[in-house]
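The primary structure of each chain is shown beneath.
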Amino acid sequence: GTQWRGRAQSFQLLCAQMCRLHSRFVSAAGRALLYDLHPYLWDIRNMLLAASAFVLWLGCQSVTAPILLGRDAEPWAHRGGLFGELQALLPVGNSCDLFYHPPPLFPSSQLYLLRPLLPLDKVGAGLQVQLSHAPSLVARLLGPFLSLSPEYTFVLEDEGGPCGYAAGVLHAEGFLQQRDSSWLPAMRHKYPSDLGAGGSALGQEAVLFFHTEPLAVPRPVLRRFPSLVQLGTAPRVLDVGASRSLALCLLSALRANGSRGVLCQVSDTDRQQLSFYSKLG
């Protein structure tokens, strides 16, 4: 265990150096050289963000038996070169669509940090400031995950602080039952239906959410897609690569513990979330 943690720490330091290299290259390189090499460096940076966070997450797990990472992906799902070697570190199976995204037209030197939720984190307060300014909206987005399944929560940070999250549940059916029977009643008591009156539209929407009966997920869907995921980023995160790294890291963590499929609940009127997932592919 000590040897593994030492190697993991060295790997994370190398990942951080590579991300800084990408940022410095974008800031300093001539335009012609930048546009030649940036797609490659951008791909590697995104993969290292996810791989570093996944390795850190593995080190936080209190498991007594090793997590077996099966290489069950079809050969065509893996790319070649260094990218393919790094891709093979993540147990995401044939989810190859997440690995094929065109680089941004305008390269950004923004540095990102991706990591699992830590026990002493106050990420809820951070996301409240960065994403919405509405405590009830933060409770709606992340409350059940932080309360009932914090071990599959990841945080994206930039120089301004927390700017994105990825939250998941390994066994969605039990989680949804517990959410509806214990978490939602507690939220309804904390945020009465008249609390949102006179507040922001987002705050009113969040309070209304607590007092609306959630739609049931059909059993056949839960059998085929037994895990639940939810992701989001602040409006200032324009780099789809950072969002893609969030998704890869969360899917890897769920897959490592045996998940064979995920579902995501999105309202057909939530244009922001629909746009976010569409950009991920």
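- If you check an unreviewed UniProt entry, the protein chain appears there as OGA GlcNAcase from Neodrepanis coruscans.

Things to note about the overall build of the protein chain
Working step 1: Across its full length, the protein chain carries ten helices and five strands.
Working step 2: In the protein chain, which comprises 281 residues, the share counted as buried stands at 47%.
Working step 3: Element-wise, carbon and sulfur atoms account for 58% of the exposed surface of the protein chain, whose accessible area totals about 15000 Å².

Focus on the nonpolar core
Working step 1: Counting 44 residues, the largest nonpolar core has Leu 114, Phe 154, Leu 156, Leu 231 and Leu 250 as its most contacted members.
Working step 2: Here the element with the most residues in this core is helix α2 (residues 31-60); it accounts for eleven residues.
Working step 3: For Leu 231, the contacting residues outside a window of four places in its chain are Tyr 165, Ala 166, Leu 246, Ala 247, Leu 250, Gln 273, Phe 276 and Tyr 277.
Working step 4: Core analysis: the second largest hydrophobic core is formed by twelve residues, Phe 145, Ala 167, Phe 175 and Leu 176 among them.

Quick word on helix α6 (residues 172-190)
Working step 1: Of all the bends in α6, the greatest, near 45 degrees, is centred on Arg 179.
Working step 2: Buried residues of α6: Ala 172, Phe 175, Leu 176, Arg 179, Trp 183, Leu 184 and Met 187, and no others.

Re the packing of aromatic side chains
Working step 1: Scanning all chains against the criterion turns up four aromatic pairs.
Working step 2: With centroids separated by 5.3 Å and ring planes inclined at 75 degrees, the aromatic side chains of Phe 276 and Tyr 277 adopt a geometry described as edge-to-face. Here Phe 276 and Tyr 277 have matching classes, each one buried.
Working step 3: Members of the aromatic cluster, joined through ring pairs, are Phe 54, Trp 57 and Tyr 152.

A look at the packing of helix α1 (residues 2-28) against α2
Working step 1: Two elements in contact, α1 and α2, have axes separated by 8 Å at closest approach and are oriented at 155 degrees. One finds that α1 runs roughly antiparallel with respect to α2. Viewed along their axes, α1 and α2 form a crossing whose handedness is left-handed.

Some points on the environment of Phe 25
Working step 1: Topologically, Phe 25 is positioned in helix α1.
Working step 2: Overall, the relative accessible area of 15% leaves Phe 25 in the buried class.
Working step 3: Along the backbone, Phe 25 and Ser 109 are 84 residues apart, and their C-alpha atoms lie at a distance of 8.0 Å.

Thresholds applied
Sequence order as written defines residue numbering, which begins from 1 separately in each chain. For a predicted model such as this one, the threshold for reporting local features is a pLDDT of at least 70, and the threshold for listing and counting side-chain atom pairs is 80 or more; totals across whole chains, interfaces and linings nevertheless cover every residue. Excluded from the side-chain calculation are hydrogens and water; included are all heavy atoms of the structure. Secondary structure elements follow DSSP: runs of H or I of four or more residues count as helices, runs of E of two or more count as strands, with numbering from the N terminus. The buried label applies to any residue whose accessible area, calculated with a 1.4 Å probe on protein chains only, is under 20% of its type's maximum; exposed applies above 50%, and partly exposed to all values in between. Here the open area of atoms and residues is found with the Shrake-Rupley method and a 1.4 Å probe, where only the protein chains shown may cover a residue. Take the buried Ala, Val, Leu, Ile, Met, Phe, Trp, Tyr and Cys residues and link them wherever side-chain atoms come within 4.5 Å; each set so joined is a nonpolar core. Two residues qualify as a contact provided that any one of their heavy atoms is within 4.5 Å of a heavy atom in the partner residue. Here the bend at each residue means the angle between axes fitted to two seven-residue stretches, the one ending at that residue and the one beginning there. Pairing of aromatic rings covers Phe, Tyr and the six-membered ring of Trp, with a centre-to-centre limit of 6.5 Å; geometry is then stacked below 30 degrees between planes, edge-to-face above 60, and tilted otherwise. Helix axes use the C-alpha atoms of the stretch in contact, all axes being lines fitted to C-alpha atoms, and the angles between their N-to-C directions lie in the range 0 to 180 degrees. Roughly parallel means an angle under 35 degrees; roughly antiparallel means over 145; roughly perpendicular covers 65 to 115; every other angle is labelled oblique. Left-handed describes a crossing whose near helix is turned anticlockwise from the far helix through less than a right angle; right-handed describes the clockwise counterpart.

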